[in-house]
Amino acid sequence: MRSRLMALTGVSAVVLAVGTIQAPAVSASPGDDCRGGWFCAWEHYNYQGSYVTTNHSLSYVGDRFNDKATSYWNRTTWYVTLYPDAGYRGGCMMNSIAPGAASPLLPAHLNDKMSSYTITPGALC
Ligand SMILES: [Ca+2]
């Protein structure tokens, strides 16, 4: 199904059924497929590929997205903290992500590791 969707859209913006399902969209910038007020993490560099998005903490990103996050955009007004293990375990991967912050590429030692994240009013790390 994924390859079929990619063939139809010509891009790899296939949303995983974690927090919500959104129609695949052609993406030239993160804003095109990351809704305001939500956190988004993509499997590839520069906000490409499948992504997970919610407006609340997520104790497990799901089997299809586990250990795949490579880029992110925090469009919430809260702080997002990434964890290498499910259930918000394994310690903070990095400092909590400030509201509005984005990265097209996580550092190599953090790449493809995220399994859960919290969205909280203040920074946890
Ligand atoms: Ca992990």
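Residues numbered from 1 in each chain as written. Predicted model: local features only at pLDDT ≥ 70, side-chain atom pairs only at ≥ 80, totals over all residues.

Undergrad: Any details on the overall build of the protein? Residues and values, ideally.
TA: Secondary structure assignment for the protein yields 1 helix and 6 strands. Ordered by position from N to C terminus, the α and β elements of the protein give α-β-β-β-β-β-β. Scored against the burial criterion, the 125 residues of the protein give a buried share of 34%. Taking as baseline every contact in the protein between residues at least 6 positions apart, the subset at least 24 positions apart corresponds to 64%. (Helix = DSSP H or I, 4+ residues; strand = E, 2+ residues; numbered from the N terminus. Buried ≥ 20, exposed ≤ 12 C-beta atoms within 10 Å, placed from the backbone. Contact = placed C-beta atoms within 7 Å.)

Undergrad: Got a sec to walk through the environment of A41? Specific residues and values, please.
TA: Topologically, A41 is positioned in strand β1 (residues 39–44). With 28 C-beta atoms counted inside 10 Å, the residue A41 sits in the buried group. The sequence separation of A41 and Y51 amounts to 10 residues, and the corresponding C-alpha distance is 5.4 Å.

Undergrad: Any details on the nonpolar core? Residues and values, ideally.
TA: Membership of the largest hydrophobic core comes to 25 residues, with the highest contact counts inside it found for C40, A41, Y72, V80, L82, M114 and Y117. Among the secondary structure elements, those contributing two or more residues to this core are β1, β2 (48–54), β3 (71–74), β4 (79–83) and β6 (116–120). Among residues more than four places away in sequence, those in contact with V80 are F39, N74, S96, I97, Y117 and I119. (Core = buried A, V, L, I, M, F, W, Y, C linked by C-beta atoms within 7 Å.)

Undergrad: Now, about the pairing of β2: what can you tell me, with residues and values included?
TA: Pairing of β1 with β2, which is carried by 5 bridges, proceeds in the antiparallel orientation. Each bridged residue has a counterpart across the sheet, and for C40 the counterpart in β2 is T53. Where β1 hands over to β2, the hairpin turn is made up of 3 residues, of which N46 adopts a positive phi near 65°. (Pairing = 2+ DSSP bridges.)

Undergrad: Go over the sheet that holds β2 with me, naming the residues and quoting the values.
TA: Strand order in this open sheet of 4 strands is β2-β1-β3-β5, and the pairing throughout is antiparallel. Strands with a single pairing partner mark the edges of an open sheet, and in this sheet they are β2 and β5 (102–103). Relative to β3, β1 is paired through 4 bridges, and the arrangement is antiparallel. Paired with F39 across the bridge in β3 is N74.

Undergrad: For the environment of G49, give the residues involved together with the corresponding values.
TA: For G49, the location among the structural elements is in strand β2. Sequence separation of G49 and A69 is 20 residues, and the distance between their C-alpha atoms is 9.9 Å.

Undergrad: Please set out the pairing of β6 residue by residue, giving values where relevant.
TA: Extensive coverage of β6 is indicated by the burial of 4 of its 5 residues. Pairing geometry for β4 and β6, over 5 bridges, is antiparallel. Its bridge partner lying in β6, V80 is registered against I119.

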